[in-house]
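Examining the three-dimensional arrangement
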Amino acid sequence: MSQNQTALPDPATAPELFEGVLTRRVLAFFIDLFVMGLMILAFAFVGLIAGFLTFGLAWLALIFVVPATIVLYYGATLGSPRRATMGMQMMDIVLTPTRGQPLDGWMAIIHAAVFWLTTWISWPLSLLFALFTPRRQMIHDLITGTLMVRRSPMVRHWRQARSAQASSAY
């Protein structure tokens, strides 16, 4: 294991990181839907006004409001240093990369795109899948190499893992 990559948390040794994660994810999703809905309404209202000012030309852009809002929302929130959407922050969960790659805006957008695709195809299967993985990962988490954990206990876990790794290097 490289020095920059710490060990993934294990539910057997750190169960506090995974307690209620699936329930929190579902609640966070509904909060995020509400926030994105408000954003879509605001952007659509601006587009409506702009349409009158441009004699209807700006109304053509309204078909891009929903997809652009989703991409911007996930890119700006999951791709930020907080690595969490507004709903995830409220539910005390955070998205963590598992393959040693950074979680930047593009990775956040890819994660969201795979999430929407797998949820659109079969959301019950995606939720059911999380019940049988030890780290409560959904299909899109496994595909994109991410892990959802509780934020507050995760900070303590990573601090302990780094100090243990530093002491073993000497």
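1. Some words on the overall build of the protein chain
Looking only at helices and strands, one finds six helices and two strands in the protein chain. Each helix and strand of the protein chain, placed in order from N terminus to C terminus, yields the pattern α-α-α-β-α-α-β-α. For the protein chain, the spread of C-alpha atoms along the principal axes amounts to about 70 × 35 × 25 Å. Out of the 170 residues in the protein chain, the part that is buried amounts to 38%.

2. A closer look at the layout of surface pockets
One simple way to see leftover space: roll a probe sized like a water molecule over the atoms. Estimated volume of the largest pocket: approximately 400 Å³. When contributions to the lining of the largest pocket are tallied by element, the ones reaching two or more residues are helix 1 (21-53) and helix 4 (105-132). When residues in the lining of the largest pocket are grouped by element, the largest group, seven residues, is from helix 4. Per-class residue counts for the lining of the largest pocket are 14 nonpolar, four polar and two charged.

3. Quick word on the confidence of the model for the protein chain
Chain-level pLDDT for the protein chain is 87 on average; 94% of the residues reach the 70-or-more range. Within the protein chain, the element-level pLDDT minimum falls on helix 6 (residues 151-169), averaging 76, and the maximum on helix 3 (residues 86-90), averaging 97. Across residues 1-5, where pLDDT falls below 50, the model places eight contacts with residues more than four positions away in sequence or in other chains.

4. Here we look at a nonpolar patch on the surface
Residues Phe45, Leu48, Ile49, Phe52, Leu53 and Trp59 make up a contiguous nonpolar surface patch of roughly 640 Å² in combined accessible area. Looking at Ile49, the relative accessible area reads 39%, which means it is partly exposed.

5. Looking at the pattern of salt bridges
Counted by the stated rule, this structure contains two salt bridges. Close ionic contact of Asp141 with Arg25 constitutes a salt bridge, the shortest N to O distance being 2.6 Å. With Asp141 in helix 5 (residues 139-144) and Arg25 in helix 1, this residue pair connects regions lying 116 residues apart in the sequence. The same class applies to Asp141 as to Arg25, namely buried. Between Arg150 and Asp92 there is a salt bridge, with its nearest N and O atoms 3.4 Å apart. Here Arg150, found in strand 2 (residues 146-150), pairs with Asp92, found in the loop between helix 3 and strand 1 (93-97); they are 58 residues apart in sequence, far enough to count as distant. Among the residues examined, Arg150 registers a relative accessible area of 14% and is labelled buried. Residue classification places Asp92 among the buried residues on the basis of a relative accessible area of 18%.

6. Digging into unusual backbone geometry
Positioned with a positive phi, Arg83 is a non-glycine residue whose angle comes to about 55 degrees. With respect to the helices and strands, Arg83 occurs in the loop between helix 2 (65-77) and helix 3. With a relative accessible area of 22%, Arg83 lands in the partly exposed category. Phi is positive for Asp92, close to 60 degrees, though the residue is something other than glycine.

7. So, the side chain of Thr146
With respect to the secondary-structure elements, Thr146 resides in strand 2. Polar contacts involving the side chain of Thr146 include one to the side chain of Thr144, which spans 3.3 Å. Once residues within four sequence positions are removed from consideration, Thr146 is found in contact with Leu95, Thr96, Pro97, Thr98, Leu103, His111, Gln137 and Asp141.

8. Observations regarding helix 4
Taking 1.5 Å of rise per residue, 28 residues should cover 40 Å, yet helix 4 covers just 29 Å from first to last C-alpha, more than 12% shy of that figure. Where helix 4 bends most, the angle comes to about 115 degrees, and this point is Ser122, followed within four residues by the proline Pro124. Along helix 4, the positions that sit buried rather than exposed are Met107, Ala108, His111, Ala112, Val114, Phe115, Thr118, Thr119, Ser126 and Ala130. Summarising the contacts, the buried residues of helix 4 are in contact with helix 1, helix 2, strand 1, helix 5 and strand 2.

The rules behind the values
Residues numbered from 1 in each chain as written. Predicted model: local features only at pLDDT ≥ 70, side-chain atom pairs only at ≥ 80, totals over all residues. Heavy atoms only, no water. Helix = DSSP H or I, 4+ residues; strand = E, 2+ residues; numbered from the N terminus. Buried < 20%, exposed > 50% of the residue type's maximum accessible area, 1.4 Å probe, protein only. 1 Å grid on protein atoms, 1.4 Å probe; cavity = no way out; pocket = protein on both sides within 12 Å on 5 of 7 lines; lining within 4 Å. Points joined across faces, edges and corners; volume = space filled by probe spheres on them. Nonpolar A, V, L, I, M, F, W, Y, C, P; charged D, E, K, R; others polar. pLDDT = per-residue confidence, 0-100. Contact = heavy atoms within 4.5 Å. Patch = residues over 30% accessible without salt bridge, like charges linked within 9 Å, V, L, I, M, F, W, Y side chains within 5 Å. Areas by Shrake-Rupley, 256 points an atom, 1.4 Å probe, with all protein chains shown as cover. Salt bridge = Lys/Arg side-chain N within 4 Å of Asp/Glu carboxyl O. Polar contact = N/O pair within 3.5 Å; in protein donor to acceptor, adjacent residues only side chain to side chain. Expected span 1.5 Å × (residues − 1). Bend = angle between axes of the 7 residues up to and from the residue.

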